Amino acid sequence: MTALPFLLLILATLAGYLLNRMAAGSIRANGARLHSMISYHGMFAALLVLVPVLTIILLWLAFEGPIIDRVVMSGLPDGLLDGQGDGALQLVLAEIKSISRGQIFGTPEDWKIAAADSYSALRTQSDWWMVAVVAGVSLAIIGFARSRVTAEFRARQGVERIVSGLMIFCSTVAVFTTIGIIVSLSYETVRFLDRVPLSEFLFGTNWEPQIPLREDQIAAEGAFGWLPVILGTMVITVVALFVAIPVGLLSAIYLNEFAPRKLRAVIKPVLEILAGVPTVVYGFFAVLVVAPAIRDLGQSIGIDVAPNTALAAGGVMGIMLVPFISSFADDALSAVPSSLRDAALGLGSTRAEMMTTVLFPAAIPGIVGGVLLAVSRAIGETMIVVMAAGLIAKMTINPLDSVTTVTVQIVTLLIGDTSFDNPKTLAAFALGMMLFLVTLMINVFALRIVRKYREAYD
Amino acid sequence: MYDTAKTESALEQTETKISARNVQVYYGDTHAIKDVNVEIEDKTVTAFIGPSGCGKSTFLRCLNRMNDTIDICRVTGDILLDGEDIYDPKVDPVQLRAKVGMVFQKPNPFPKSIYDNIAYGPRIHGLARGKAELDEIVEKSLRRGAIWDEVKDRLDAPGTGLSGGQQQRLCIARAIATEPEVLLMDEPCSALDPIATAQVEELIDELRQSYSVVIVTHSMQQAARVSQKTAFFHLGNLVEYGETGQIFTNPEDPRTESYITGRIG
Ligand SMILES: Nc1ncnc2c1ncn2[C@@H]1O[C@H](COP(=O)(O)OP(=O)(O)OP(=O)(O)O)[C@@H](O)[C@H]1O
Ligand SMILES: [Mg+2]
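Model, not experiment: these values are computed from the prediction.

**So, the overall build of chain A**
Reasoning step 1: Across its full length, chain A carries 15 helices and 2 strands.
Reasoning step 2: Expected size for 458 residues packed as a compact globule is a radius of gyration near 23 Å; at 32 Å, chain A overshoots this value by more than 25%.
Reasoning step 3: Scored against the burial criterion, the 458 residues of chain A give a buried share of 41%.
Reasoning step 4: The long-range share in chain A, meaning contacts at least 24 apart out of those at least 6 apart in sequence, stands at 73%.

Here it is in structure tokens:
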């Protein structure tokens, strides 16, 4: 049934296209000079039909359900449901719906059966109405579009306007999603700050979000200082970048400029595979291989190392980030015009001098892009940290200690039975908000730096 | 026959800077330079002329081994600089290129300041002791490149922000800042206006006092004005090589004549 309107839409679009194309074609055949090519006339009609009718169908499908529900519920006999709660009303509605689908349990009251009947009648009616509206609107638009076809009509401009409108719409989708995320995060964050003072959250050095869930439970008052958590994120991120940036950049430079072709043909795909490995697998690697190795090494030189360390998690995360940085850097280096290579070599610089003095500075924006992506990945990475770094928030910058990160805490706060009105769950949103602000600041900062030091070659 | 003998006797009087023997160049399967023999003299301007795609740039790039950077390019034969084979494994192409400088067909300034563009060569070769000396080199090179007056107030501005002709003169200045012994110029004036062209030609004439200059050009007048020797290339062959006056007034080969008079090319 829902397929019918879509079928109509496709037919109408095609019909509009062909009609206008043919109309324009016959004008041309009569010897007039057309402003736009005939395919633009066709496209104009097709888009004119497609966009509004598709919008109508989607809106109809979205609002049909809720509206019918309302109508059915208000059509129930008076007095039956007075004073009942929201949950009970939902139950009644669900029962009515399942009766209308033919799933009847026990013997329902007569008024429910009547309501179910009217429910299915309404649905059928609505579907037919939709078909009628779609057909009517399509016909009207086709007629309108057909009437516009003249030799002078600027169909190409019309098409360009519609398409650019679509593009504007698509590009704002991301913006509005971001705004939506910020708004919902802020809302929950404000609710969190009602319960926990801002100063405690920002400057507290204790993170113990265990709070009594029920009145009779005995537990300590929770502590919500985010410093140890963000410190953990920073320690792990720094460790990861210490591994990823040198390894990634040097491998990109080697591959781009020095590696023999054959070696490059092998290493590049391997690096790309590395980028596709799921983070859980990296987590295994960190727990089973790297962490014990670090611990053994520490013991052999007499240093006490925790079983879960920031070093293990961060180091493995660094390996995970290598392909990001190296492929971005490789692309950026390859994009530098070869005339600049020639210029440097022609002046008698070695390939290493050419790399450091010409190619690298010119490729900086792309390279920073890769590093930024790596930073965001490192800050947002959860799985490796859960597996290899631990859950205990500690105020430490020692990479040999176990730490926890913002993302891990968000996950643990939201796992299990949660209700959204206690500080424990709301703290997750506050942490998310802070994470958002931190990454935003890093990005702005990095863009500033790039703009200051870049050597633009075009 | 008679003319050739005269040319050879002239050759003996001046010192040979570069001599190429049986040079072949292949791009993959394309045979771009076919058995070229040429003696380029010191303190002389040599012009390479010929129709587009005949291999002038390719041969020029052989002389400072810039073809090494093209993977598919293969060079055989001997090219001697001051009697030493530049394709000998012992020779370091980096040092070779410091001695044999190049100005490319398309201007290619670095995306750095004008000052840093000129200072690039002197810096990597350690030609200047201290800032004052470097400043001096930069100014001298820019003056010789006939661009000093236009850029002296904005040495910190990016070289890529100059006009095409200014960029080309910047590249010429950059090449002479390293004090090469031979300067290879691939159509250095194709983006220049007549005034700048005249300045560059003056510069080339001045460079001749101390260097050997090889210039590729599509302008017959320019070749006639600046060069003492001219080589005419056609389809990868060196068709004729001799005194410039000789080539332009009394060419031996019918192909040279028809190119100079504008019938092929
Ligand atoms: N990088 C390259 N790869 C493959 N073939 C090349 C390459 N460079 C030049 N060639 C070929 O070698 C031949 C000679 O080219 P070259 O650039 O030396 O010509 P040219 O005489 O400098 O021409 P122009 O006057 O247009 O600059 C041409 O047929 C060209 O297609
Ligand atoms: Mg050329």
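**A few points about the overall build of chain B**
Reasoning step 1: Check the secondary structure of chain B and you find 11 helices and 10 strands.
Reasoning step 2: In terms of overall dimensions, chain B is globule-like: its C-alpha atoms have a radius of gyration of 18 Å, near the 18 Å expected for 265 residues.
Reasoning step 3: Dimensions of chain B, computed from the C-alpha atoms along their principal axes, are close to 55 × 45 × 40 Å.
Reasoning step 4: The contacts of chain B with a sequence gap of at least 6 include a subset with a gap of at least 24, amounting to 66%.
Reasoning step 5: With the model as given, the accessible surface of chain B reaches about 11,600 Å², and the carbon-plus-sulfur share is 48%.
Reasoning step 6: Across chain B, the centroid of the 29 positively charged side chains sits 4 Å from that of the 40 negatively charged ones.

**Things to note about the site of ligand 1**
Residue and element names in this part refer to chain B.
Reasoning step 1: Near ligand 1 lie 14 residues; those nearest to it are Ser52, Lys56, Ser57, Thr58 and His218.
Reasoning step 2: Within the contact set of ligand 1, a nitrogen atom lies 3.4 Å away from a side-chain nitrogen or oxygen of Tyr27.
Reasoning step 3: Between ligand 1 and Ser57 there is a distance of 2.5 Å, counted from an oxygen atom to a side-chain nitrogen or oxygen.
Reasoning step 4: Surface burial for ligand 1 is 65%, taken as the share of its 630 Å² of free accessible area covered by protein chains.
Reasoning step 5: By residue number, the principal contributor to the shell around ligand 1 is helix α2 (residues 56-62), which donates 3 residues.
Reasoning step 6: Taken together, the residues of the shell around ligand 1 sort by class into 5 nonpolar, 7 polar and 2 charged.

**As for the coordination of the magnesium ion (ligand 2)**
Reasoning step 1: Donor atoms from the polypeptide that bind the magnesium ion (ligand 2) are B:Ser57 (OG) and B:Gln105 (OE1), placed at 1.8 to 2.5 Å. Here the residue B:Ser57 occupies a position in helix α2, and B:Gln105 occupies one in the loop between β6 (100-103) and α4 (114-125), the gap between them amounting to 48 residues.

**Things to note about the packing of helix α2 (residues 38-74) of chain A against helix α4 (residues 110-148) of chain A**
All names here are of chain A.
Reasoning step 1: Viewed as axis vectors pointing N to C, α2 and α4 meet at an angle of 165°, and their least axial separation amounts to 10 Å. In terms of their interaxial angle, α2 and α4 are classed as roughly antiparallel. Crossing of α2 against α4: the hand is right-handed.
Reasoning step 2: Taken together, the residues of the contact of α2 with α4 sort by class into 24 nonpolar, 3 polar and 4 charged.

**Some words on empty space enclosed by the protein**
Reasoning step 1: Taken as a whole, this structure holds 1 cavity of 30 Å³ or more when the rule is applied.
Reasoning step 2: Its boundaries defined by the atoms lining it, the largest cavity holds a volume of some 40 Å³.
Reasoning step 3: Around the largest cavity sit A:Ala343, A:Gly346, A:Leu347, B:Met102, B:Val103, B:Phe104, B:Asn108, B:Cys171, B:Arg174 and B:Ala175, which together line it.
Reasoning step 4: For the lining of the largest cavity, the elements supplying multiple residues, two or more each, are α11 (338-346) of chain A together with β6 and α7 (164-177) of chain B.
Reasoning step 5: Tallying contributions element by element places α7(B) first for the lining of the largest cavity, with 3 residues.

**Here we look at the side chain of B:Arg169**
Residue and element names in this part refer to chain B.
Reasoning step 1: With respect to the helices, strands and loops of the structure, Arg169 is situated in helix α7.
Reasoning step 2: A relative accessible area of 6% places Arg169 in the buried class.
Reasoning step 3: Apart from residues no more than four positions distant in its own chain, Arg169 is found in contact with Gly145, Ala146, Ile147, Glu150, Leu192, Ala196, Gln199 and Val200.

**Some points on the side chain of A:Thr233**
Reasoning step 1: Along the polypeptide, A:Thr233 turns up in helix α7 (residues 227-258).
Reasoning step 2: Beyond its immediate chain neighbours, meaning those up to four positions away, A:Thr233 contacts A:Ile379, A:Thr404, A:Thr405 and A:Val406.

**Quick notes on the domain arrangement of chain A**
Reasoning step 1: Partitioning chain A into domains gives domain 1 (3-174) and domain 2 (223-453).
Reasoning step 2: Between the C-alpha centres of domain 1 of chain A and domain 2 of chain A the distance comes to 48 Å.

**Examining the interface of chain A and chain B**
Reasoning step 1: Contact residues are listed per partner, giving 21 residues for chain A and 23 residues for chain B.
Reasoning step 2: Summing the contributions of chain A and of chain B, the shared interface buries around 1,700 Å²; its carbon and sulfur component is 62%.
Reasoning step 3: Its largest share of buried area at the contact with chain B, chain A owes to A:Asp342, A:Gly346 and A:Leu347, together 33% of the area lost on that side.
Reasoning step 4: Between chain A and chain B we count 2 salt bridges in total.

Parameters and conventions
- Residues numbered from 1 in each chain as written.
- Chains lettered and ligands numbered in written order.
- Predicted model: local features only at pLDDT ≥ 70, side-chain atom pairs only at ≥ 80, totals over all residues.
- Heavy atoms only, no water.
- Helix = DSSP H or I, 4+ residues; strand = E, 2+ residues; numbered from the N terminus.
- Rg over C-alpha atoms; globule rule 2.2 N^0.38 Å.
- Buried < 20%, exposed > 50% of the residue type's maximum accessible area, 1.4 Å probe, protein only.
- Contact = heavy atoms within 4.5 Å.
- Areas by Shrake-Rupley, 256 points an atom, 1.4 Å probe, with all protein chains shown as cover.
- Lys, Arg positive; Asp, Glu negative; His and termini not counted.
- Charge placed at Lys NZ, Arg CZ, Asp CG, Glu CD.
- Near = heavy atom within 4 Å.
- Polar contact = N/O pair within 3.5 Å; in protein donor to acceptor, adjacent residues only side chain to side chain.
- Nonpolar A, V, L, I, M, F, W, Y, C, P; charged D, E, K, R; others polar.
- Donors = N, O, S within 2.8 Å, 3.2 Å for Na, K, Ca; no water.
- Axes fitted to C-alpha atoms, helices over the stretch in contact; angles between N-to-C directions.
- Parallel < 35°, antiparallel > 145°, perpendicular 65-115°, else oblique.
- Left-handed = near helix turned anticlockwise from the far one by under 90°.
- 1 Å grid on protein atoms, 1.4 Å probe; cavity = no way out; pocket = protein on both sides within 12 Å on 5 of 7 lines; lining within 4 Å.
- Points joined across faces, edges and corners; volume = space filled by probe spheres on them.
- Domains from an automatic or database assignment.
- Buried area = accessible area lost by both parts, 1.4 Å probe.
- Salt bridge = Lys/Arg side-chain N within 4 Å of Asp/Glu carboxyl O.

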